Structures are given as C-alpha cells and as structure tokens.
Amino acid sequence: MADLHVPATIQRFGQTARRDAWWVRPLVVFTVLSAFVIYATWAALQGVNYHYGSYLSPLYSPELFGKSSHAWFGPLPESWPAFLPTSPALFILWAPGLFRLTCYYYRGQYYRAFAADPPSCAVGEPSRKYSGERKFPLVLQNLHRYFLYIALFFLLILLYDVWKAMWFNDAETGHERFGVGVGTIVLAVNVVLLGGYTFGCHSLRHLAGGIKDRLSGRPIRRRMYMCVSCFNRRHMVWAWLSLVWVAFSDLYVRLCATGMLTDWKILL
Amino acid sequence: MIMNAEFQIWRGGKDSAGRFESYSIETTEGMVVLDAVHHIQSNQAPDLAVRWNCKAGKCGSCSAEINGTPKLMCMTRLSELPVGQPVTIAPLKAFPLIRDLVTDVSWNFRVKKKIPPFRPRKPDAPDGTWRIAQEDIDRVQEFRKCIECFLCQDVCHVLRDHQQFESFSGPRYMVYLAALEMHPLDVEDRIPLIKKENGIGLCNITKCCTAVCPEEIRITDNAIIPLKERVVDRFYDPIRKLFNLFK
C-alpha cells in the first residue's frame, strides 16, 4: 500500500486533550498485575506451607514432586542437582502463567499499562519503532492456543483437588470422612472462576465454532460456540476475578498451614 | 433549561497554522454538540467548515474529537459533557486536515478498493440462487452495522501514533474483512492478504476501536481476534500444519 501514505500530527508521550482521568485504568492494571506477579513469585519460591490437610494451593497444583501427600511422583529424586529449584510450584506455574501472558485480554491490558503502547485511547505514546505482534518475541503470542490446551488439563486437576478437599481425616476413627470446610469452598470458587475465564478464551471460541463460516447443521458445535461466546462476553470480569482468587486461595491455604488461621468446618 | 456554554473549536486549514477559537452560546436541554456547532456557524462563524449529513448517527459524517475523545458530534449530548468547562472540538487527528473540522479520509476508500470483493460459491438451490440459514449470518450482520465514521481508524494507535498507513488497514477494514471472510457464501481466500498487506499482526488488541464505535460493534472480540485466529491456523500453528500434510 505504498501509495496510501497519509501525513498526520504525532502526539508527544502523554499528550492528549482528554479531560477524564484516563490514567486511572492503566494504573490500576499495573498495580494489580504487579502485585499478583510479586505475590505469586514469592509464594512459588517458598516451597513450604502450600498444603493443609486435604487442601492444596492452586499455585502448587498439580504437585509433581514434593513431600506432601498430594505429590504425584513422591519427593524429588536424591540425584536432583542442588543448584536447581526444588519448589513444586516452579515445575508447573509456567503453564498457567503463559496462558495468561498470551491471553488476548491481558495482552491489551499490559501493553497499555506496562509498555504505554498506548497508555490509553487517544493519548500520545513514547516515540519508538513499532512492529506490533509481527516480530520476535511478540509473534510467539500466537501460540496462545497451546497454553489453552494445558490450561484445560489443569482445570480438571483443580476440580479433582476440590473433590479431595471434601475428605477430611476423622481423628476418632482415623478414616477419611466427607465434609465441607471454608477451604473447600475457597478452592471450589477458584475452579468456577478459572473455568469461567478459560471457557471464555478467544482461542477456544475459535476452535469451538469460530473457525467455521457455517454452523447450521452442526447443532453441537453451534451450541459450543454459543456457550463459549457467552463466557467470552464477560472475559474481562472472569480474568480479574480468577486472578485475584487464585492468589487468595493460596493465601488461605498458607495461613491455615502456618496456623495463623483456623479452617472452619461447615459440614462434617 | 437555558445555560451559557463555551466551545473551543479548531480553526485553520492545511496550509495555515491552526488554533482553538472560543465561542459562547446559550444551550438548551437536549442539544447535541452538532447543534451547538450549527448555532455557532449560523450566528458567529459562517465560514466554519464542518461535515455532517443525517444528524441521527447513521451517516458517519460528523466525526470529531470532543474533549479529546473521538465521537460523533450528532450523538454527543451536551448534558454528557462536564459542566462549567469549555467543550473542545477538534478534527480527527489521524487524517490530514482540509479545514476546521473537516479532514481528508479518502485514504480509507483507497484501502477498501484493494480488498478482494465478495465472491460467492456457485448457486446451489434448485432455482439457481442460494439459501442461507439465519444462524450462519448472525455474526456477519453485526459488522454490517458499520457506518464508516472512521472513529475507530482515528483512535487506533497504529495509525494515529505510529503512522503505519502503508502496512496496516485499520479496524474499520478488519471489520470489513471479517464480514467477507465469515460470510457463509464467500469463497475468496483473503487470509494471506490479511496477514501481509492488511497487517493484522500490527494490532495489539488494546480495544480502543471497540471503545469508540458508535454502533457498539465488538470490533476487537468479534472481528479482529477471530481473524487473528484464522491467520494463526494458516501460518503459526505447527500441529495444524503437520495435520494438513497428512490430510
């Protein structure tokens, strides 16, 4: 389109005629995302107090190697090099982390809040070369669908964690007994919110039916597309609620494990 | 209720240094910004250039930047704007100024000409025409609401700030391309074009286009991202590529 050049006035960084508090939203996004990343990194590096009885922190699930009863393959082998990380969270947290990092919604938000690209609509941005998502590393954002597949698998594991969180050790008989604690509800809400976020994923919407120009005569596919589209309309809400609740769930389990909080049993 | 209000309107042509000029008028309940501009044009500045047509938010002519935000002048009520402060009205920033509030948006029409038009499949109904199920056309009908006001083009930072007019077609034409690509009768393949010439990879989905659309088309969610996903299918999904080899 070489013959389509249009000259126009470029705004300086932050220059705008907008009168509203346009900077509030990117500031809130910057604060909440930074707080989450700092907390999740701190929690992941701890390697302790991530489980309490039948509860397992979602930041550590699935626990592949670890000392708790939740570990799939038991403790780390003794031959594990000492300089490598040992916290179970570090083996798995990359997957949900990359799912959110490559999420279409979050991309738009962190480009604004962290890169000021643009800081807000109709607000001038720093002068620099721009290639969008066409070059490395941002071209890798196109792999989002692969992290979606992993996220769907993780969702099943977290659902199983909720089931396990419904079984408590009976001190009198020594057997497991069905019950519901506050922690069970916290972990269940976590799965619901993560489910709402994952099932509204734009890539899932595409795979469910967006890929097709015609959905008539494909009732199941059409139903799936409608269902994902329904979640997708509130993708932003699900994204933020699920993010905050994951951190809260970890904090709840952590506080119970350290004895700073008592887990009330609602049904036992 | 009659109130006095101040308007600062951009005055100037492409060859002269422009500036905001102040006008005070008495406003009445229910007035929109375009009413105020017409009042100023009739009584104080008869040479004020402004493009308008329907006054009903359907022709897309009266696009401007009101208090710094791209909006249709005919659909912006004065009661929505902060009271007691002058209302600034400026031309669209992304396009070359002709005079006052009028910009040259002809670049958009030149982009449109370069997009391969609708090409239907062979008629498959006994009467030599086609049948389309409503559920197949629902998605596309949202895109048909576009009034070509070019507010989305104006606010898009790829055009507005990065000036990538040569490599990016802008949100308006992503909507147009989505309407063609998702049409159940269309058989033209525009995916390589969408990736290269239309430059969909330049969009970083900050949703400003969606925010300013007066027709409330979910441009990013329903047009741009689905097109991005189709481009991923073709160019960035190694497993799909492998699968297609054995098809």
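In the annotation of an unreviewed UniProt entry, chain A is listed under the name Succinate dehydrogenase and assigned to Flavihumibacter solisilvae.

Asker: I would appreciate a short explanation of the nonpolar core in the present structure.
Answerer: Side chains of nonpolar character tend, in soluble globular proteins, to be buried together. Core analysis: the biggest nonpolar cluster contains 75 residues, and Phe 7, Ile 9, Val 37, Met 73 and Ile 89 of chain B have the highest contact counts within it. The biggest single contributor to this core is helix H6 (residues 171-181) of chain B, with seven residues. Of the residues that make up this core, three or more belong to each of domain 1 (3-103) and domain 2 (106-245) of chain B. Contacts of Ile 9 of chain B, omitting those with residues within four sequence positions, involve Arg 19, Phe 20, Glu 21, Tyr 23, Val 37, Ile 40, Leu 48, Ile 89 and Leu 101 of chain B. If you look at the next biggest cluster of nonpolar residues, it comprises 45 residues, including Tyr 39, Phe 147, Leu 155 and Phe 168 of chain A.

Asker: Explain the UniProt feature "transmembrane region" (unreviewed entry) in chain A to me, please; I cannot follow it from the model alone.
Answerer: Residues and elements named next belong to chain A. As recorded in UniProt, the sites labelled "transmembrane region" (unreviewed entry) are residues 22-45, 82-102, 146-166, 178-204 and 225-248. Taken end to end, residues 82-102 is 62% helix and 0% strand, and its first and last C-alpha atoms sit 32 Å apart. A distance of 35 Å separates the end C-alpha atoms of residues 178-204, which is 74% helix and 11% strand.

Asker: What's the story with unusual backbone geometry in this structure? I'm lost.
Answerer: Both trends apply: most residues other than glycine have a negative phi, and most peptide bonds are in trans. The omega torsion across Asp 117 of chain A and Pro 118 of chain A is 0 degrees, close enough to zero to call that bond cis. Along the chain, Pro 118 of chain A falls in the loop between helix H4 (104-113) and helix H5 (144-164). Following Phe 136 of chain A, the chain continues to Pro 137 of chain A via a peptide bond in cis, the omega torsion being 5 degrees. Along the chain, the position of Pro 137 of chain A falls in the loop between H4 and H5. The backbone of Ala 116 of chain A sits at a positive phi, close to 50 degrees, despite the residue not being glycine. The topology assignment puts Ala 116 of chain A in the loop between H4 and H5. Not every positive phi belongs to a glycine, and Glu 216 of chain B is a case in point at roughly 55 degrees. Along the chain, the position of Glu 216 of chain B falls in the loop between helix H8 (208-212) and helix H9 (219-236). When its relative accessible area of 64% is taken as the criterion, Glu 216 of chain B is described as exposed.

Asker: Just to check I follow, could you spell out the pattern of salt bridges for this structure?
Answerer: A side chain with one charge can pair with a side chain of the opposite charge if their charged atoms come near. Counted under the stated rule, the structure contains 33 salt bridges over all chains. In this structure, Arg 240 of chain B engages Asp 237 of chain B in a salt bridge whose closest nitrogen and oxygen atoms are separated by 4.0 Å. Salt bridges here are not isolated pairs; linked through shared partners, they connect Arg 145 of chain A together with Glu 229, Asp 233, Asp 237 and Arg 240 of chain B.

Asker: Is there a simple way to think about the interface of chain A and chain B in this case?
Answerer: Bring the parts together and some accessible area is lost; that lost area is often taken as the interface size. Every contact between the two is made by 55 residues of chain A and, on the other side, 64 residues of chain B. Summed over both partners, the interface of chain A with chain B comes to about 5300 Å²; 50% of that surface belongs to carbon and sulfur atoms. In this structure, the connection of chain A to chain B is made through six salt bridges. For Asp 233 of chain B, the salt bridge goes to Arg 145 of chain A, with nearest N and O atoms at 2.6 Å. Connecting chain A to chain B are 30 residue pairs in polar contact (both at pLDDT 80 or more). Taken together, the elements giving at least two residues each to the side of chain A that touches chain B come down to H4, H5, helix H7 (202-210) and helix H8 (219-233) of chain A. When residues of the side of chain A that touches chain B are assigned to their parent elements, the largest contribution, seven residues, is made by H7 of chain A. Here the side of chain A that touches chain B is composed, by residue class, of 22 nonpolar, 16 polar and 17 charged.

Asker: Explanation requested: the packing of H6 of chain B against H9 of chain B in the structure shown.
Answerer: The description of two packed helices rests on the angle between their axes and on the distance between the axes. All names here are of chain B. Direction vectors running N to C along H6 and H9 enclose 65 degrees, while the axes themselves pass 9 Å from each other. Classed by the angle they form, the pair H6 and H9 counts as roughly perpendicular. Viewed along their axes, H6 and H9 form a crossing whose handedness is left-handed. Of the residues in H9, those in contact with Pro 171, Met 174, Val 175, Leu 177, Ala 178 and Glu 181 of H6 are Ile 219, Ala 223, Ile 224, Leu 227 and Arg 230. Taken together, the residues that form the contact of H6 with H9 break down as nine nonpolar, no polar and two charged.

Asker: How should I be thinking about the packing of aromatic side chains in this particular structure?
Answerer: Any pair of aromatic rings gets described here by the distance separating the centres and the angle formed by the planes. Residues and elements named next belong to chain A. With the rule as written, the count across this model stands at 27 aromatic pairs over all chains. Plain terms: the ring middles of Tyr 52 and Tyr 55 are 6.3 Å apart, the flat faces sit at 50 degrees to each other, and that makes the pair tilted. Residue classification places Tyr 52 among the partly exposed positions, given a relative accessible area of 31%. Here the aromatic rings of Phe 65 and Phe 91 are separated by 6.2 Å at their centres, their planes lie at 70 degrees, and the arrangement is edge-to-face. On the criterion of sequence distance, the pair formed by Phe 65 in the loop between strand E2 (55-56) and helix H2 (88-92) and Phe 91 in helix H2 is long-range, its members being 26 residues apart. Residue Phe 65 is classed as partly exposed on the basis of its relative accessible area of 25%.

Asker: What should I look at first to understand the domain arrangement of chain B in this one?
Answerer: All names here are of chain B. Assigned domains of chain B: these are domain 1 (3-103) and domain 2 (106-245). Measuring from the centre of the C-alpha atoms in domain 1 to the corresponding centre in domain 2 gives 31 Å. Listed by partner, the interface residues are 14 residues for domain 1 and 15 residues for domain 2. A buried area of about 1100 Å², summed over both sides, lies between domain 1 and domain 2, and 62% of it is on carbon and sulfur atoms. Summed over the three residues of domain 1 that lose the most area to domain 2, namely Pro 70, Ala 94 and Phe 95, the buried surface amounts to 47% of that side. For the pair domain 1 and domain 2, the number of links is two salt bridges. Linking Glu 65 and Arg 160 is a salt bridge whose minimum nitrogen-to-oxygen distance equals 2.8 Å. Residues belonging to the side of domain 1 that touches domain 2 are distributed by class as follows: seven nonpolar, three polar and four charged.

Asker: Looking at this model, I keep getting lost on the state of the cysteines. Mind explaining?
Answerer: Per the stated rule, a full pass over the model turns up one disulfide over all chains. Put simply, Cys 121 of chain A and Cys 208 of chain B are joined by a disulfide, and their sulfur atoms are 2.1 Å apart. Measuring the twist about the S-S bond at about -90 degrees, one finds the Cys 121 of chain A-Cys 208 of chain B disulfide to be left-handed. Of the two residues, Cys 121 of chain A is situated in the loop between H4 and H5 and Cys 208 of chain B in helix H8; the pairing between them involves two chains. The exposure class of Cys 121 of chain A is buried, given its relative accessible area of 10%. In this model Cys 146 of chain B remains outside any disulfide bridge; the closest cysteine sulfur is found in Cys 152 of chain B, 6.2 Å from its own. The exposure class assigned to Cys 146 of chain B is partly exposed, which follows from its relative accessible area of 26%.

The rules behind each value
- Residues numbered from 1 in each chain as written.
- Chains lettered and ligands numbered in written order.
- Predicted model: local features only at pLDDT ≥ 70, side-chain atom pairs only at ≥ 80, totals over all residues.
- Heavy atoms only, no water.
- Core = buried A, V, L, I, M, F, W, Y, C linked by side-chain atoms within 4.5 Å.
- Buried < 20%, exposed > 50% of the residue type's maximum accessible area, 1.4 Å probe, protein only.
- Helix = DSSP H or I, 4+ residues; strand = E, 2+ residues; numbered from the N terminus.
- Domains from an automatic or database assignment.
- Contact = heavy atoms within 4.5 Å.
- UniProt positions renumbered as here; feature names shortened; annotations may be inferred.
- Salt bridge = Lys/Arg side-chain N within 4 Å of Asp/Glu carboxyl O.
- Buried area = accessible area lost by both parts, 1.4 Å probe.
- Polar contact = N/O pair within 3.5 Å; in protein donor to acceptor, adjacent residues only side chain to side chain.
- Nonpolar A, V, L, I, M, F, W, Y, C, P; charged D, E, K, R; others polar.
- Axes fitted to C-alpha atoms, helices over the stretch in contact; angles between N-to-C directions.
- Parallel < 35°, antiparallel > 145°, perpendicular 65-115°, else oblique.
- Left-handed = near helix turned anticlockwise from the far one by under 90°.
- Phe/Tyr/Trp six-rings, centres within 6.5 Å; stacked < 30°, edge-to-face > 60°.
- Disulfide = S-S within 2.5 Å.

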